[in-house]
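# Examining the three-dimensional arrangement
Spelled out, the chains give:
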Amino acid sequence: MDSPAVSPTPLLKTNETSVETKGEGRERFSSRLAFYFSAVGSAVGFGNVWRFPSLVFKYGGGAFFIPYLFALFLVGIPLLVLEISLGQHFQLGDVGCFGKIHERARGVGLASIACGYMLVTYYSMLLAWTFNAFFASFRADNFWDQDEVSGTEAKEYFYQTIIGMDIVGDDQPDRLVGMNVFYSLLTWVVIYFSLAYGLEASGKVSYLTMGFPLVILFVFLGRSLTLEGSENGINEYIGESNWGIFSDHPEIWSRAVSQILFSLGTVGIMTAYGSHCNRNEPAFLNSCVVALSNSMFSFISGFAVFATLGHLAYLEGLDSVADLEYSSFGLVFGSWPVALGTLPGGQHWIRLFFIMLFMLGIDSAISFMEAFLTVLHDTKLFHNVDRKRASLVLTACAFLLSTLYATDVGLVFLDSVDYYINFVIILVGFVKCVAAGWVYKIETQIECLGPKIVFVYITTTFGSVLLACAMWFGVGNAAAGFFGLVISYVMGMSYVGYLMSKKKQEDQTLTWSDMLFDLTMSNVMKLREDLVSSVGHIPVAWAFLIRHFIPQVLLILFFLGADATTIDEEGNEVKMFGNYRGYASPCQILGILTIVFAGFLVVSSLVFPKLYEALETVDETETKVDENNIDEIEMEERKKVETTGSVQLSKGELA
């Protein structure tokens, strides 16, 4: 559904509204600055101040930056360009865009949106806990009234009192934590009102929720750098690196990639935001700005967190921050409040910290839901449904689902599902690249080369990678995996070459260069050409990465992550997949089901595309109606011609 012709939007526009409504009810960001605030606000969230520092803390300090930068430039930015470009070009959300690529690819967009929806149900609980901690600081028994609070005490306070894990025994939920249910409801009310009034409301919110935390972060950074012992923490953040982490924990690569994709919101968010931009906005430039801004925020947050950890290690008489027993959520909530409590008026600084966290997170939560709403609005089934009503249904369902994380073992479920969501994010990135780089215009490719050549080539490319993964991770021999990859690929491509030579003999007009280009790059280069006609410059290297690098790498990283090992309670080495942190079976099963569900959506759409006809976009329906009308007109014309011919024939016979 292309946007109607409108006058170009100025680069920066300082009016009171953050969006403009133009044509067919689709809202527009009023300026590039408005888009930046919304998109960067969506990308920057808990993942930057909690997830990123905890991964650096866990995976070798500065060593983590190697896979992180690899993931950013070779995976994250290209996928972000794909999402924003598709949204702008087709003026649709994720499901509509991949439906345009191929009707059997709608499940790709649906899996992406489903991933975001599953994620936001537990992400919202982080906001609820932040709400709880903020209001608890005003009670008579305020924990922060104490003269000195250690990091361990602060961490235990959040786990036991705020989250409600004080009587947890066996990872089985025994009760709902009433206050967290209430604050979860309050969080979803905020999300609802931000969604219900469209981008105009959420756009205005983003100016505050993105700008304010950035200012506060620099204040916190300045304070943390003045603390005793902070230099040791900074040194372990960027000065020292545990290079052995690459051999001890090879899953570091998959965690770095999933962190980038998680933070950048490549689960339909940026497609939705791109669809609310004018079609001629520079998508590549905008993608780079959003991605680099997001990573810069993570990098600065890391300084603040590690400086604080250095101070806590100093207070506890430890030689290294690695000796601190922090992980996951406790890393942030056990460090920053302690450091801020040392300031004059420390309680107020701690409250400001909770406000900052909430503002960072609420943008991301809103954007996950916005991606879902955009998809619904695009479909013929829900196109005319009132936005307020759709927002109410979506937020109410998400609130009910989020109550699982409001139980006394909510953090256990959250941590487990978050681990498995990493695999869903990688899977979604893989199928998006396959759809864009391999499936787009595949009918034309088959017309030129024939189905056998095309499908043998696809099977060779991905089959050899799957065989290598089976030998590497299944047998446990990396050399065997590499050998299997080379042998299977050479054999497969030899057969492809044989088929192509037969094809050339049948059609002498074909040249080897044209055939090789059609086989290896035509799909993705045609997509690039179509996108460039709308969104401007996209490097040729992007097309190569989308087709020949990212999907293969993501496939390997999926299995690499699944092959990671851990030590169980009895001291035995076991696969982490299915045994994450030794949590009870219900937690593992729930997490694994998120992967199964996403995979089901992709496969069912591929095999049974008719199942998802209800998700056809409005313009697809209109096209079908137009085609039917044309067919009817042609039939009428044919009848007229036949009738006229019959009349003329009868006259001739009479004569």
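You'll find the structure just up there.
Okay, so let's go over this structure. Just so it is clear, the structure is predicted and the values come from calculations on it, not from any experiment.

The rules behind the values
Residues numbered from 1 in each chain as written. Predicted model: local features only at pLDDT ≥ 70, side-chain atom pairs only at ≥ 80, totals over all residues. Heavy atoms only, no water. Salt bridge = Lys/Arg side-chain N within 4 Å of Asp/Glu carboxyl O. Helix = DSSP H or I, 4+ residues; strand = E, 2+ residues; numbered from the N terminus. Buried < 20%, exposed > 50% of the residue type's maximum accessible area, 1.4 Å probe, protein only. Contact = heavy atoms within 4.5 Å. Polar contact = N/O pair within 3.5 Å; in protein donor to acceptor, adjacent residues only side chain to side chain. Phe/Tyr/Trp six-rings, centres within 6.5 Å; stacked < 30°, edge-to-face > 60°. Axes fitted to C-alpha atoms, helices over the stretch in contact; angles between N-to-C directions. Parallel < 35°, antiparallel > 145°, perpendicular 65-115°, else oblique. Left-handed = near helix turned anticlockwise from the far one by under 90°. Nonpolar A, V, L, I, M, F, W, Y, C, P; charged D, E, K, R; others polar. Patch = residues over 30% accessible without salt bridge, like charges linked within 9 Å, V, L, I, M, F, W, Y side chains within 5 Å. Areas by Shrake-Rupley, 256 points an atom, 1.4 Å probe, with all protein chains shown as cover.

### A short note on the pattern of salt bridges
In this structure the tally under the stated criterion is 11 salt bridges. Among the ionic pairs, Lys526 bridges to Glu529, the shortest N-O distance being 3.9 Å. Here Glu529 and Lys526 lie together in helix α23 (residues 522–535), a separation of 3 residues that amounts to about one turn. Its relative accessible area of 30% is what places Lys526 among the partly exposed residues. In this structure, a network of salt bridges that share partners links the residues Glu83, Asp94 and Lys432.

### Side note on the environment of Ser258
Examined against the element boundaries, Ser258 turns out to sit in helix α11 (residues 252–264). Judged by its relative accessible area of 1%, Ser258 is buried. The spacing of Ser258 and Val75 is 183 residues in sequence and 10.0 Å in space, taken between C-alpha atoms. The residues touching Ser258, leaving out its near neighbours within four places in the chain, are Arg51, Asn422, Ile425 and Ile426. Engagement of the side chain of Ser258 in a polar contact is seen with the side chain of Asn422, the distance being 2.7 Å.

### Description of the packing of aromatic side chains
Each pair of aromatic rings is reported with the distance of its centres and the angle of its planes. On inspection of all chains with the given rule, the structure shows 55 aromatic pairs. Summarising the aromatic geometry, the rings of Trp144 and Tyr157 are spaced 6.0 Å apart at their centres and angled 80° between planes, so their arrangement reads as edge-to-face. Placement of Trp144 in the loop between α5 (106–136) and α6 (151–162) and of Tyr157 in helix α6 is noted, with a sequence separation of 13 residues between them. One exposure class covers both Trp144 and Tyr157, and it is buried. Here Phe423 and Phe558 contribute two aromatic rings whose centre-to-centre distance is 5.5 Å and whose plane-to-plane angle is 80°, an arrangement assigned as edge-to-face. Of this pair, Phe423 sits in helix α18 (residues 410–439) while Phe558 sits in helix α25 (residues 550–562); the two residues are 135 residues apart in sequence, bridging distant segments of the chain. Phe558 shares its class with Phe423; the two are buried.

### Things to note about the environment of Ile595
You can see Ile595 is positioned in helix α26 (residues 585–607). Judged by its relative accessible area of 10%, Ile595 is buried. Measuring from C-alpha to C-alpha, the distance between Ile595 and Asn422 comes to 9.2 Å, with 173 residues separating the pair along the chain.

### Details of the packing of helix α4 (residues 94–101) against α5
Put simply, α4 and α5 touch, their axes get as near as 7 Å, and they point 160° apart. Classed by the angle they form, the pair α4 and α5 counts as roughly antiparallel. The handedness of the crossing between α4 and α5 comes out as right-handed. Along its contact with α4, which presents Asp94, Val95, Phe98 and Gly99, the element α5 presents Arg106, Val108, Gly109, Leu110, Ser112 and Ile113. Partitioned by chemical class, the residues of the contact of α4 with α5 number 5 nonpolar, 3 polar and 2 charged.

### A look at the packing of helix α19 (residues 442–449) against helix α22 (residues 512–520)
Taken N-terminus to C-terminus, the directions of α19 and α22 make an angle of 150°; their axes are 10 Å apart at the nearest point. It follows that α19 is roughly antiparallel to α22 by the angle criterion. Here the hand of the crossing between α19 and α22 comes out left-handed. When α19 is examined against α22, the residues Gln445, Cys448 and Leu449 are found in contact with a partner set consisting of Met515, Asp518 and Leu519. Considered class by class, the residues forming the contact of α19 with α22 number 4 nonpolar, 1 polar and 1 charged.

### Section: a nonpolar patch on the surface
Judged by side-chain polarity, Val603, Leu606, Val607, Phe608 and Leu611 come together as a nonpolar surface patch covering roughly 490 Å² of accessible area. Residue position: Phe608 is located in the loop between α26 and α27 (618–654).

### With respect to the environment of Asn142
Within the fold, Asn142 resides in the loop between α5 and α6. The spacing of Asn142 and Gln347 is 205 residues in sequence and 9.3 Å in space, taken between C-alpha atoms. Excluding residues within four positions of it along the chain, Asn142 makes contact with Ala136, Ser137, Gln347 and Arg351. In terms of polar contacts, Asn142 uses its side chain to reach the side chain of Gln347, at 2.7 Å.

In short, shape yes, function no, at least from these values alone.
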